[in-house]
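Observations on the three-dimensional arrangement
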Amino acid sequence: MKALIGASLPELTEWVREQQQPAYRGQQLHQWIYQRGARSLSEISVFPKQWRSDMADWAIGRSEIYHQAKSIDGTVKFLLRLSDGQIVETVGIPSDKRLTVCVSSQVGCPMACDFCATGKGGFERNLERHEIVDQVLTVQEVFQQRVSNIVFMGMGEPLLNVENVLSAVRSMNEDIGIGRRFITISTVGIPGRIRKLADHHLQATLAVSLHASNQAVRERLIPSARQYPLEALLDECREYVKLTGRRVTFEYILLAGVNDCRDHAIELADHLRGFQSHVNLIPYNPISEADYQRPDQRRITQFVNALKDRNIAVSVRKTRGLEADAACGQLRASFAGV
């Protein structure tokens, strides 16, 4: 029995007709799933009582909130228990004018990046479409506020789960009502996948986790970089810009004494000269599973200024949710024992 979350209005209409119900029930079902956050068919009071009873076991596709941790800045990290007992993280990040959800695309992650708690925990499986969309519905339900922005920056590598990620993006846009330009898909880089993503013309933002200004450092941090040289990745990103007309965001985690000196910034600027791009610097959030440290403010400022001096668009991500084990995968590892 396929879960209903993630299904479009036409798909839900077809489904109710297959259950021998009138077509208008599809619109009702769509509203109760995406606007009212129904967790089961039995609670949809506009449906006939007997049909609700008959269909009570059909899964809408909601996950159980297993645990949640709130930071003093309002950020809430959730552990969600899936139907097979696996645990996945999602994060609600509020600000004055928006509510952002950091969603996961996999249970664990196969990329094994050396600085990442999720990578240290191994890989279990891809998330299904409904398991991705449910993360957004859960945050809306708890915050009692419309989600405005989505970032695929939680657990997992989205471009290793392309079919379900693209289907979830469609649902977030058309069913929940989140503009595609307010959705960001982050990837460490999978050969050929960025080019294929361009073919879909999503109008979403592509964020590439670069984290290094040269191949040697990148291989140290990201094992998969050995099969995907930095120049090849950048060439594919240039092609993405050409095909979509959308700039690429490059995420760069600053690790003290590893990739944060002025020479690294100059090297990075040389790679990005003439590139329609933006660099998002992320001061590292230390985790117990790795020895890396966050650089001090002087070092961060020096890096930023070196990029600005070379006309590279750059910003520094504000740290949110430190008290809630902000590093991706850290809460799952520490609380769930996985």
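Everything numeric in this text was worked out from a predicted model, so none of it was measured. (Residues numbered from 1 in each chain as written. Predicted model: local features only at pLDDT ≥ 70, side-chain atom pairs only at ≥ 80, totals over all residues. Heavy atoms only, no water.)

Looking at the side chain of Thr184
As a reminder of what qualifies: Going along the chain from the N terminus, every DSSP run of H or I of four or more residues is numbered as a helix, and every run of E of two or more is numbered as a strand. For each residue, the accessible area found with a 1.4 Å probe, counting protein chains only, is set against the maximum for its type, and the residue is called buried under 20%, exposed over 50%, and partly exposed in between. Residues are treated as being in contact if the distance between any of their heavy atoms lies within 4.5 Å.
Position of Thr184 among the secondary structure elements: in strand 8 (residues 183-187). On the accessibility criterion, Thr184 (13% relative accessible area) is buried. Filtering out sequence-adjacent residues up to four positions away, Thr184 remains in contact with Ile150, Val151, Phe152, Met153, Thr205 and Ala207.

Comments concerning the pairing of strand 2 (residues 76-81)
Two faces, one strand: in a regular strand the side chains alternate between the faces of the sheet. Short version of the rule: Strand pairing requires that DSSP identify at least two bridges connecting the strands.
The buried fraction of strand 2 is high, at 5 of 6 residues. Examined bridge by bridge, strand 1 (residues 64-70) and strand 2 share 6 bridges and lie antiparallel to one another. Bridged to Ile65 within strand 2 is Leu80. Sheet analysis places strand 2 next to strand 3 (residues 87-94), joined by 6 bridges and oriented antiparallel.

What about the side chain of Arg129?
As a reminder, the rule being used: Side-chain atoms alone can form a polar contact between residues adjacent in sequence; in general such a contact is a pair of N or O atoms within 3.5 Å, and within protein one must be able to donate a hydrogen while the other accepts it.
Checked against the element boundaries, Arg129 lands in helix 5 (residues 129-143). By relative accessible area, Arg129 is classed as buried at 12%. Engagement of the side chain of Arg129 in a polar contact is seen with the side chain of Ser167, the distance being 3.3 Å. What Arg129 contacts, discounting residues up to four positions off in sequence, is Lys2, Ile5, Gly6, Ala7, Glu11, Asn164, Ser167 and Ala168.

Some points on the pattern of salt bridges
Note the following rule: Salt bridge criterion: a side-chain nitrogen from Lys or Arg within 4 Å of a carboxyl oxygen from Asp or Glu.
Taken as a whole and judged by the stated rule, the model has 18 salt bridges. Between Glu141 and Arg62 there is a salt bridge, and its shortest N-O distance comes to 3.8 Å. Within this pair, whereas Glu141 is found in helix 5, its partner Arg62 is found in the loop between helix 3 (49-54) and strand 1, the two being separated by 79 residues in sequence. For Arg125, the salt bridge identified is with Asp84, shortest N-O distance 2.8 Å. Taken together, the positions of Arg125 in strand 6 (residues 123-126) and Asp84 in the loop between strand 2 and strand 3 put the pair 41 residues apart, joining distant regions of the chain. One salt-bridge network, held together by shared partners, links Arg39, Arg62, Asp134 and Glu141.

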